[in-house]
Amino acid sequence: MNKLELFVHDLPSPESARRFFDQFSERNPTQVNRLQKKEGLFSDILTLASYSPLLATTLIQNPEYVTWLGRKRSDSSLRDKDELLESLARFALTNSQLEPNVLFARFRRRELLRIFLRDIRRLGTIAEITEEISNLADAILENALRLARQEMDNRYGAPFEVDEKGRQRPSDISVVSLGKLGSKELNYSSDIDLLFIYSADGSTTGTGSRGSVTNREYFVKLAETVTQLVGKQSGEGAAYRVDMRLRPHGRVGALALSQKETVKYYLQDARSWEQQVLIRSRASAGSAAIFKSLFAAVEKTVFKPGRDAAEALRGVYRSKEKIDHEHRADTLFDVKLGRGGIREIEFIAQALQLAHGGTDRWLRVPHTLISIARLADRHHLTADELSRLSN
């Protein structure tokens, strides 16, 4: 048995690994010879190709990633947002000819090579892997926001608002993530659900090329630009699919709202399922202070003291029915939306958080695995239920 057959023999798709090797060899014969002398790296590359057609194509199109992965494959640490921002800055310097949306898509796929390999080799827990995938999205969103702000400032000047004492101060924005990104449980193919919340109304300085506009117009255009940078499809795909449907007023709502308007919406107009969504929310990019202030203002509405557990479960069940109606599975079994699937587990946790979180702040955590563990600690779930839901 030759070295290739030895390595692919026990892989989930040996044929995919062989096909990858043939295509990679045809395009990069010199690199293949060097790769075969590094048995550990050779095995890792074939394993990635066997598990993921997308990553196999990424390696074929970018053979220099093999050398990069050779340096990173032994690193089992979880990288945070700041570390990934530094990596993205270095990647941008060496790929300055790329359009930003293509740059973000390529950077994401390169980093997924490293993260997925850690996952396959069981070098991180599920919570650690999904957190790092979420940190990667945060870093890309932060970089996209910086690029978009620079472009908007060049057009309209910087946005300003008036504080309670009548003084002018710079305005800021928070890119708020919901759902799986909001709880740092993003998976490899998740959409990212976003809200854009700016600090207050006002106007820009007008020092840019197109004069002054209101803060609303500035930040709506900023939100459009960010979603284009991370979500625009190119020949290489997009970094992420961006979903803005969970924003206040849904599809007809403005892409960016002031903090005051957003608080008013969630206190007066939001439906129960929209308030439930805020259980899994946080600032992914921009100002964390804006999000903290927003959540502090609506938290008591989300977690109402004295709520009945049965009522909370019924409300969450109705929310799930609406989602299931919109996203009917075409297959007999859907691991996300099907009976006993991931969505049901998330909603069970959220229902119990709504029922008991009003009087117990410790239960108000966005991460599903952490929340069900805490619910079990408070005896709202049995040890057996915790084990089954976690598994």
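What comes next concerns the included structure.

Definitions and limits used
- Residues numbered from 1 in each chain as written.
- Predicted model: local features only at pLDDT ≥ 70, side-chain atom pairs only at ≥ 80, totals over all residues.
- Heavy atoms only, no water.
- Salt bridge = Lys/Arg side-chain N within 4 Å of Asp/Glu carboxyl O.
- Helix = DSSP H or I, 4+ residues; strand = E, 2+ residues; numbered from the N terminus.
- Buried < 20%, exposed > 50% of the residue type's maximum accessible area, 1.4 Å probe, protein only.
- Pairing = 2+ DSSP bridges.

**With respect to the pattern of salt bridges**
Opposite charge on two side chains lets them pair, provided their charged atoms get close.
And then number 1: By the definition in use, this model includes 28 salt bridges.
And then number 2: Put simply, Glu15 and Arg18 hold a salt bridge, and the shortest N to O gap is 3.5 Å. Taken as a pair, Glu15 and Arg18 lie in helix 2 (residues 14–27) at a separation of three residues, close to a single helical turn.
And then number 3: Classification of Arg18 as partly exposed rests on a relative accessible area of 25%.
And then number 4: Of the charged contacts in the structure, one is a salt bridge between Asp243 and Arg245, with a shortest N-O distance of 2.7 Å.
And then number 5: By relative accessible area, which is 12% here, Asp243 ends up buried.

**Remarks on the pairing of strand 1 (residues 159–162)**
And then number 1: Only one face of strand 1 is covered, namely the face carrying Pro159 and Glu161; the face carrying Phe160 and Val162 is uncovered.
And then number 2: Where strand 1 and strand 2 (residues 168–170) come together, three bridges link them in antiparallel fashion. When the bridges of strand 2 are listed, Phe160 appears paired with Pro170.
And then number 3: Hairpin connection of strand 1 to strand 2: five residues between the antiparallel strands, including Gly166 at a positive phi of 80 degrees.

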